[in-house]
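One letter stands for each residue in the lines below.
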Amino acid sequence: MGWFETQYIASLLVMWLVVSGNAAWASSAIDLKGQWRFRTDAADKGVADRWFAGKLPETIKLPGSMAENGKGSDITLQTKWTGSIYDSSWYFNPRMAKYRQPGNLKFPFWLTPVKEYVGAAWYQKDVTIPANWANQHIELFLERPHTETRVWIDDAEIGMQNSLVAPHVFDLTGKLPPGKHTLTIRIDNRIKDINVGKDSHSLTDHTQGNWNGIVGRMELQAMPPVRVDDVQVYPDLMQKLARVKVTINSLTPNAAGTLRIAASAFNTAKKHVVPPVLQSFTLNGTSAILDIVYPMGDGLLTWDEFDPALYQLQVSVRSGQQEHRRAVQFGMREVGIQGTRFTVNGRPVYLRGTVENCDFPLTGYAAMDVPAWERIFRIARQYGLNHMRFHSYCPPEAAFIAADKVGFYLQPEGPSWCNHGTSLGDGKPVDKYLYDETDRMARSYGNYASYCLLAYGNEPAGRNQAKWLGAFCTYWMAKDPRRKYTGASVGMSWPLVPENEFMVKSGPRNLPYDKLPESTGDYRSKLEGFTVPYLTHEMGQWCATPNFKEIKKYTGVYRARNMELFQEDLTDRGMGDQGDQFLMASGKLQVLCYKQEIEWSLRTPGGAGFQLLSLNDYSGQGTALVGLLDAFWDEKGYVNAKAFRKFCSETVPLARLPKFVYRSDETMEAAVELAHFGRSPLTNARLIWTLTGPAGKVVARGAFAPQSFSIGTNQPVGTVSVPLAAIQQATKLTLEVSMPGTAVANSWEVWVYPATLPALAEDDIYVTTTLDEKAETVLKNGGKVFLQAAGKIEKGKEVVQHFLPVFWNTSWFKMRPPHTLGFVVNPAHPAFGQFPTDPHSNLQWWEIVHKAQVMNLEDFPASFRPIVQPIDTWFLNRRLGMILETKVGAGKLMLCSADLLSDPDHRIVARQLFRSLRAYMQTAAFAPETSVDLTTIRALFNSPSRDTFKAFTADSPDELKKSRM
């Protein structure tokens, strides 16, 4: 900067200081919260009848929704929902009839609102405008109405707005002179010409609900005639500066004045105050955009997940004797791409994300306060995550403020799942609307450092969708370089969009458990041919059963009638006392599946990250209990953050095990590697390993040579090799790899079985694979029978059991298998004396359980409990068994619907379990308490289940359809 420029800026600063003693004007506001007059307009006659010119008869409290105020209609069978239903069996199933009665309506599809209303509603309030607002610019600011707003001042209509993502701001300049006035707002939450899709999370009953009202800030704002209308900050780390675009508007043409900008860090221990910059201006007309180059200096602080340094930028304009100020928050952050990975400020990052679905069951709309969002992000961070995608909606400003503070990378979306009754790229009004909406998002939230990625929304329909999405990406890449862009978040049947800067698709997910589980695999084949970062779309979706203790939390605008139905039905099926047991067992299997899938991702070379669906439960689409946490972001009791972070955090040891089950004459070998995306590379890092048995007894241990690790994946650590010959009985072992002095540790369970088994004592147990005449005779004569019924069960053959649990839920996917969620078992039962097991399904059971038949025990006594009890989908709650013992007449029967007898030399787990069961049957402990008559046993083989499933709906979700081209 030359001498002249220096002296000029100095003179401006002196002028600023001289006049700053005069009254400066930021925005003056009238808070509109409180009591409003109100009236619903179901007949749509309020405009024609000029309701804005009279007084509305009821009252309502704002901010808030109609439901929060107890306004709207009661829920009935005729309620018209905003959302798709693919399983209508509830409406027709006789067993569900009692839940279709007035006063006892319990819908299984989603949470039930206390009130419902879709249509126009009118809100009205008297306001008094002070004298000093004369000749000022005046705006009505409504932070988040839902959805379309029309505004009147007295009897003059001001206009209409319809945004699902940003505040509705109405220019009232010249329309609101000092004195008393009546402000009337008509809000309409119907889907009309602009159809974003009835399943969009911005409005669907599946999640937040299609509410009517206004939430967040509600203000009348007055500003000087010359004002700062908008500020956008574009960090440039290489040049150590920020490019600031300031929009100045004036009520009169050719206004002149001085602009001042000044920034300072406000949330860091290290302080940084950036010298101010001043610039004079003269408008050519009533508006101008000033481009300011703002040097940040050598002391600039950057923002990322580890050090989320933030600046407040104060922007002021002075014209005459009045000043207007606007403050914005920003971070010095640049999102880049190196190959197939994202970078933040030049450092590679791996996005460990979850999908946020706008589940807020107390209010029915997204939280509007910063502490609520900060809690959510900090919980997600505790679980090792650093990223969040907002499925087909954009959260309010409070979410961006909180994410900036915590250091979280966000992918908000346009408010659309443009499908299921609408489409994208076909010339409909929604095409332009989504450009407008994402423009509003950039203006309202573009300065927030956490706003890193953008997609139009979720899985669209439309023959021309790829062309539209490509143009969308091109538009945004040219317009705003502060983030990266993809067309849509989609599954595999949707077309590729070549213009995408990154992909969000579902290729690299799911577990290939039609074959023996192992931890050597990865998803590299799914990434072949992609040259941009690839984020895994909606990974996980593994279910656990309902947590009935959660029901009492629903004290707001929703009730968990779906959960109440599932609990009552479980009781009607004779298993009401097993709800907690089912939750714990299914939950442990759910955690195991998330662990395996996340580790598959972390082992994948070049992967950019994943988006879980999801860390917390999803209340709709049939009730998708996919979360490790409930809808309130609370733990359910079967996993905590410390345990989850072992395999999901910035630094994770990984072991490539070719299998999890070994013979005692084998050597367990594991190639260990490290995935590291920490603050900085690791130098001279030391990792150790231990192999422990029951009660934590050390079987073997070792240490790897100290070494350095860069930022990235697939970094070899060393090999673990342990001969297993010393293990003489069936044993579960745990291999742990850790980094002493840190929290870095991960572990894997393996099982070892004797290579050879000594012969059991001779016995008179009749072992058979059919319920033949001899078996019945033995039972009648008081003998013992082991009956393997694999492949021969009729009652229950419609229930498909895999090792993996239900995906998303069986209602939404029209009973697509699997139908079970693991099983419960008592490890202390003497039947498992030679077969160590957890109370739940674990990897050693794969050989036995995967695709094994189950038995429907609908004819057994209500109190009957099998030894191994598969857990049915909570929509049907069938009482199932896989291994059971019972008295039959004078005899004793052990009945197993899984195959334990074939190929014993290669199926060592089945061999071991059969041995354990037979050894138990040889003892006096084999004394079943319950008697079941032979007719009931025969029915398992020759009678179908009485209660079967029919969806009653012809349509199906997109995943069950073919290509979305």
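Thresholds, definitions, all that
- Residues numbered from 1 in each chain as written.
- Predicted model: local features only at pLDDT ≥ 70, side-chain atom pairs only at ≥ 80, totals over all residues.
- Heavy atoms only, no water.
- pLDDT = per-residue confidence, 0-100.
- Helix = DSSP H or I, 4+ residues; strand = E, 2+ residues; numbered from the N terminus.
- Pairing = 2+ DSSP bridges.
- Axes fitted to C-alpha atoms, helices over the stretch in contact; angles between N-to-C directions.
- Contact = heavy atoms within 4.5 Å.
- Parallel < 35°, antiparallel > 145°, perpendicular 65-115°, else oblique.
- Left-handed = near helix turned anticlockwise from the far one by under 90°.
- Buried < 20%, exposed > 50% of the residue type's maximum accessible area, 1.4 Å probe, protein only.

Asks: What is the right way to look at the confidence of the model for the chain in this model?
Replies: Note: predicted coordinates in regions of low pLDDT should not be interpreted at a detailed level. Residue-level pLDDT values for the chain average 95, and 97% of them are 70 or greater. For the chain, the element scoring lowest by mean pLDDT is helix 1 (residues 3-19), at 35; strand 25 (residues 409-411) scores highest, at 99.

Asks: Is there a simple way to think about the sheet that holds strand 23 (residues 351-356) in this case?
Replies: Strand pairing within a sheet occurs via backbone hydrogen bonds; the two strands may be parallel or antiparallel. The 6 strands are arranged 25-24-23-31-29-28 in an open sheet whose pairing can be described as parallel. With partners counted over all chains shown, the strands left at the sheet margins are strand 25 and strand 28 (503-505), one partner each. Direction aside, the axes of adjacent strands within the sheet are offset by 25° on average. In terms of strand pairing, strand 28 meets strand 29 (residues 534-540) through 3 bridges, oriented parallel. When the sheet's bridge partners are listed, Lys505 is paired in strand 29 with Thr536. Most of the contacts of helix 2 (residues 370-382) go to strand 24 (residues 387-390), to which it runs at about 125°, and overall it touches strand 23, strand 24 and strand 25.

Asks: Can you walk me through the packing of helix 4 (residues 429-445) against helix 5 (residues 465-479) in this structure?
Replies: Working note: a packed helix pair is described by the angle between its axes plus the distance between those axes. Across the interface, helix 4 lies against helix 5 with an axial gap of 12 Å and an inter-helix angle of 25°. Considering their axes alone, helix 4 and helix 5 lie roughly parallel with respect to each other. The two elements helix 4 and helix 5 cross, and the hand of that crossing is right-handed. Contacts between helix 4 and helix 5 involve Asp431, Leu434, Tyr435, Thr438, Asp439 and Ala442 on the former and, on the latter, Trp468, Ala471, Phe472, Tyr475, Trp476 and Lys479.

Asks: What's the story with the environment of Val246 in this structure? I'm lost.
Replies: By secondary structure assignment, the location of Val246 is in strand 14 (residues 241-250). Look at Val246 and you get buried, because its relative accessible area is 0%. Separated by 69 residues in the primary sequence, Val246 and Val315 have C-alpha atoms spaced 8.3 Å apart. Among all residues touching Val246, those that are not within four sequence positions of it are Val228, Asp230, Val231, Leu259, Ala288, Ile289, Leu290 and Val315.

Asks: Sorry if this is basic, but what is going on with the sheet that holds strand 13 (residues 226-236) here?
Replies: Here 3 strands make up an open sheet; going across it, the order is 13-14-17 and the pairing antiparallel. This sheet does not close on itself; its edge strands, each paired only once, are strand 13 and strand 17 (287-295). This sheet shows a mean twist of 20° between the axes of neighbouring strands, independent of strand direction. The pairing of strand 13 with strand 14 spans 10 bridges and is classified as antiparallel. The residue of strand 14 that forms the bridge with Val228 is Ile248.

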